[in-house]
Amino acid sequence: MRIEDIVRSKGAGVITVEPTATVEELVALLGEHRIGAVVVSSDGVHVAGIVSERDVVRKLGSLGASVLAVPVSEIMTTSVHTCTPNDTLEETAHTMTYQRIRHLPVVVDGELRGVISIGDVVKHRIDQLLDERNHLLGYLHA
């Protein structure tokens, strides 16, 4: 299974936030869409960074409530790991696990095409295992 299979089933829509948006605006966006991370992009196509709930909490610990007025660019991760639609589920799961990454932008020729989460990867892996199990059971009972 490839990442393109996950993107196809969940959809390629991506929520982005501009680097100049405030953390308060970011928090509202995360809550509104019930997501844990957002790609930071000035144009909705090119990845400038990624920012997650964890980034907000870490800065909240050091800055207190004043973090809400800080621009997203000050708390985002700029060294963003990405994947491509052609990457395998196994490769991506390995990267996410060992790099301790929960969200990966899917990029083609430098342009954002989707985002996958560790939950998406786990769900599709479980679906694969259930399909294999059902095929084996069908084979045994035939």
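Heads up: the structure comes first, above all this text.
Here the structure is a predicted model, which is why all the values come from computation and not from measurement.

Enquirer: So what's going on with the overall build of the protein? Residues and values would help.
Expert: Summing up its helical and strand segments, the protein has 5 helices and 5 strands in all. The order of helices and strands in the protein, counted from the N terminus, is α-β-α-β-β-α-α-β-β-α. In terms of principal-axis extent, the alpha carbons of the protein reach across some 65 × 30 × 25 Å. In the protein, which comprises 142 residues, the proportion classed as buried is 33%. Taking contacts inside the protein between residues at least 6 apart in sequence as the whole, the part at least 24 apart equals 58%. Accessible surface, the protein: about 8700 Å² in total, of which carbon and sulfur atoms supply 53%. Once the 13 positive and 19 negative side-chain charges of the protein are each reduced to a mean point, those two points are 8 Å apart.

Enquirer: Before we move on, could you go through a nonpolar patch on the surface and cite the residues and values that matter?
Expert: Among the surface-exposed residues, V122, I126 and L130 lie close enough to one another that they form a single nonpolar patch of about 250 Å² accessible area. Checked against the element boundaries, V122 lands in helix α5 (residues 118–141).

Enquirer: Describe unusual backbone geometry, with residues and values.
Expert: For R100, which is not glycine, the phi torsion reads 60° and is therefore positive. Tracing the backbone through its elements, the reader meets R100 in the loop between α4 (89–99) and β4 (103–108). For R100, a relative accessible area of 74% translates into the label exposed. Its identity is not glycine, yet D109 carries a phi of approximately 50°, on the positive side. Within the element layout of this structure, D109 appears in the loop between β4 and β5 (111–117).

Enquirer: How would you sum up the sheet that holds strand β3 (residues 49–52)? Please name residues and give values.
Expert: Within the open sheet, the 3 strands sit side by side as β1-β2-β3. Their pairing is mixed. Single-partner strands in this sheet number two, and they are β1 (16–17) and β3. Pairing of strand β2 (residues 37–40) with β3, which is carried by 4 bridges, proceeds in the antiparallel orientation. Among the inter-strand pairings, V38 is bridged to a residue of β3, identified as V51. Running over the sheet, helix α2 (residues 23–33) touches β1, β2 and β3 and is turned about 125° from β2.

Enquirer: Just give me the short version of the pattern of salt bridges, but keep the residues and values in it.
Expert: Applying the stated criterion across every chain, the model contains 5 salt bridges. Among the ionic pairs, R8 bridges to D5, the shortest N-O distance being 3.1 Å. Placement of the pair is R8 and D5 together in helix α1 (residues 3–10), with a separation of 3 residues, close to one helical turn. According to the relative accessible area criterion, R8 is exposed, its value standing at 58%. Residue class for D5 comes out partly exposed when judged on its relative accessible area of 24%. Linking D127 and K123 is a salt bridge whose minimum nitrogen-to-oxygen distance equals 2.9 Å. On the criterion of helical spacing, the pair formed by D127 and K123 is a turn pair, its members being 4 residues apart in helix α5.

About the criteria used
Residues numbered from 1 in each chain as written. Predicted model: local features only at pLDDT ≥ 70, side-chain atom pairs only at ≥ 80, totals over all residues. Heavy atoms only, no water. Helix = DSSP H or I, 4+ residues; strand = E, 2+ residues; numbered from the N terminus. Buried < 20%, exposed > 50% of the residue type's maximum accessible area, 1.4 Å probe, protein only. Contact = heavy atoms within 4.5 Å. Areas by Shrake-Rupley, 256 points an atom, 1.4 Å probe, with all protein chains shown as cover. Lys, Arg positive; Asp, Glu negative; His and termini not counted. Charge placed at Lys NZ, Arg CZ, Asp CG, Glu CD. Patch = residues over 30% accessible without salt bridge, like charges linked within 9 Å, V, L, I, M, F, W, Y side chains within 5 Å. Salt bridge = Lys/Arg side-chain N within 4 Å of Asp/Glu carboxyl O. Pairing = 2+ DSSP bridges. Axes fitted to C-alpha atoms, helices over the stretch in contact; angles between N-to-C directions.

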